[in-house]
Amino acid sequence: MVSCEESTNVTSDQKKQEELASKVDSVPEIIEVEFAENFHVNSIKGGYELELIDPNSHEVEATYELTYDHSKSGDKVVHLPVKNIAALSQTSVGMLSKLNALDFITGISKIDYVHSPELKRRFNAKEINEFGDETNVPIEKIVKSTTKLIIYSGFGSEFDGEGKLKKLGIQSIPNYEWRETHPLGRAEWIKFLGILIDKADEATAIFDKIKSNYEDLRWKIRNLEDRPNVISGNFYSDQWTAPAGESYMAILFQDAGANYVYHSSKGTGSVFLPIEKVVADNRKSRYWINPGVSTKGVLSEMNPKAKFLGAYENGIYCYSHEMNKFWEMSAIEPDFLLEEFIHIFHPDFEPNAKLHYYKGLN
């Protein structure tokens, strides 16, 4: 005789099988990618075709078939939905958090980098594992876990052991979100994760809200005439390292109504400048963002010339006091970042706004 509980479980399992069968035979709705440049998605029968774009060559690096048809197999086949994910990229952790899907995570790079209280609890309860990064992946440890997919920060090549893991049924996909140059391009990678865990509609809705918030903020400040000069970065040895003029941080400064001093520099990574030039260029700059430290004392100790920058007295802001929170969540919250920078650069525009990531250095 079948109990009520067993009957309920059977019904639930049957329903899941029916839903899976319907997805195998259908073509899902097209998922538009508007801002992200490092991945494309095409809808195909039974799932999606994912194209990863090499951020350097801008050519297709790899094509994956993300499918509900579990009878398919191959070097680049990933069965949907993925339930057990090793998220070695902290930005992926933040995006899964936005999707209320932290329970999908079976592994992280290192607990010391985690902000999420829920993930910390699960780690302490031995429900998730530390795997380190892709430079030294513990193959045996991963195999013994329930992990089915590894998402890691791609550096243009497979990590050691990836081929062996594939043979054991554990797929790996690099995440190039960190190479996106537009703030909304970074956030749009939530659509990639939404597809993997069968939450594509939720992911699209979340992104659409972020996009709307971001564009509304840009519209509100479009007529501000005061555009204060802003410098970013810090002294390292005998050079200043700063975001290049086409980087996502430079775009954020511009969208927040500031004049980034090195906005005309080419590239999407960093620029390296002599200390003397930076001091000469920024004696009157009003704000200094992301010096990489949390106090002026540390800043002065690193380089006494810092006091010659115009922003030194009361215009320095950084996220160093909440570093894990910033690296985990800021990629999926560019609207929060934009709002903060607007508040920092134009404190009278929305005087009641509060800083979410940043803090002024004392």
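Please read all numbers here as calculations on a predicted model, not as lab measurements.

Cut-offs applied
Residues numbered from 1 in each chain as written. Predicted model: local features only at pLDDT ≥ 70, side-chain atom pairs only at ≥ 80, totals over all residues. Heavy atoms only, no water. Salt bridge = Lys/Arg side-chain N within 4 Å of Asp/Glu carboxyl O. Buried < 20%, exposed > 50% of the residue type's maximum accessible area, 1.4 Å probe, protein only. Axes fitted to C-alpha atoms, helices over the stretch in contact; angles between N-to-C directions. Helix = DSSP H or I, 4+ residues; strand = E, 2+ residues; numbered from the N terminus. Parallel < 35°, antiparallel > 145°, perpendicular 65-115°, else oblique. Left-handed = near helix turned anticlockwise from the far one by under 90°. Contact = heavy atoms within 4.5 Å. Nonpolar A, V, L, I, M, F, W, Y, C, P; charged D, E, K, R; others polar. Core = buried A, V, L, I, M, F, W, Y, C linked by side-chain atoms within 4.5 Å. Pairing = 2+ DSSP bridges. Expected span 1.5 Å × (residues − 1). Arc of directions from axis to C-beta.

**A short note on the pattern of salt bridges**
Here is step 1: Scanning all chains against the criterion turns up 16 salt bridges.
Here is step 2: Between arginine 121 and glutamate 127 there is a salt bridge, with its nearest N and O atoms 3.9 Å apart.
Here is step 3: By relative accessible area, glutamate 127 is classed as partly exposed at 41%.
Here is step 4: Between arginine 122 and glutamate 127 there is a salt bridge; the shortest N-O distance is 3.2 Å.
Here is step 5: Judged by its relative accessible area of 8%, arginine 122 falls in the buried class.
Here is step 6: Each member of the salt-bridge network shares a partner with another, and the members are Asp75, Lys76, Glu162 and Lys166.

**Some thoughts on the packing of helix H8 (residues 200–220) against helix H13 (residues 334–345)**
Here is step 1: Two elements in contact, H8 and H13, have axes separated by 8 Å at closest approach and are oriented at 20°. Taken together, the axes of H8 and H13 lie roughly parallel to each other. For the pair H8 and H13, the sense of crossing is left-handed. On the side of H8, the interface is formed by Ile210, Asn213, Tyr214, Leu217 and Arg218, while H13 contributes Pro334, Asp335, Leu338, Glu339 and Ile342.
Here is step 2: Of the residues assigned to the contact of H8 with H13, the class counts are 6 nonpolar, 1 polar and 3 charged.

**What about the nonpolar core?**
Here is step 1: Leu196, Phe341, Phe345 and Tyr358 are the most contacted members of the largest nonpolar core, which totals 98 residues.
Here is step 2: Once residues within four sequence positions are removed from consideration, phenylalanine 341 is found in contact with Met249, Leu252, Phe253, Ala256, Ile289 and Tyr358.
Here is step 3: Among the nonpolar cores identified, the runner-up in size contains 11 residues, and Leu88, Val137, Ile150 and Tyr152 belong to it.

**Concerning the sheet that holds strand S2 (residues 47–53)**
Here is step 1: Within the open sheet, the 4 strands sit side by side as S1-S2-S3-S4. Their pairing is mixed. The open sheet is flanked by strand S1 (39–44) and strand S4 (77–79), the only strands paired with a single partner. The sheet shows a mean angle of 25° between the axes of neighbouring strands, direction not considered.
Here is step 2: Sheet topology note: the S1/S2 ladder contains 6 bridges and is antiparallel. Across the sheet, residue asparagine 42 finds its bridge partner in S2, namely glutamate 49.

**Thoughts on the sheet that holds strand S5 (residues 85–87)**
Here is step 1: Across the sheet, which stays open at both edges, the 5 strands sit in the order S7-S6-S5-S8-S9 with parallel pairing between neighbours. The open sheet has two edge strands with one neighbour each: strand S7 (129–130) and strand S9 (171–175).
Here is step 2: With 2 bridges connecting them, strand S6 (residues 105–108) and S7 associate as parallel partners. Within S7, the position partnered with glycine 107 by the bridge is asparagine 129.
Here is step 3: Sitting on the sheet, helix H2 (residues 90–98) touches S5, S6, strand S8 (149–153) and S9, and the angle it makes with S5 is about 125°.

**Structural notes on H8**
Side chains of residues three or four places apart in an α-helix project in the same direction, reflecting 3.6 residues per turn.
Here is step 1: Given a rise of 1.5 Å per residue, 21 residues ought to cover 30 Å, and the 30 Å separating the end C-alpha atoms of H8 matches this to within 8%.
Here is step 2: Residues Ala200, Ala203, Phe207, Ile210, Lys211, Tyr214 and Leu217 constitute the buried set of H8. In a view along the axis of H8, the buried residues occupy a sector of 130°, so they form one face of it. Every exposed residue of H8 that faces more than 90 degrees away from the buried side is listed here: Asp201, Lys209 and Trp219.
Here is step 3: Residues of H8 that are buried in the fold lie against S2, helix H6 (183–187), helix H7 (190–196), helix H9 (248–255) and H13.

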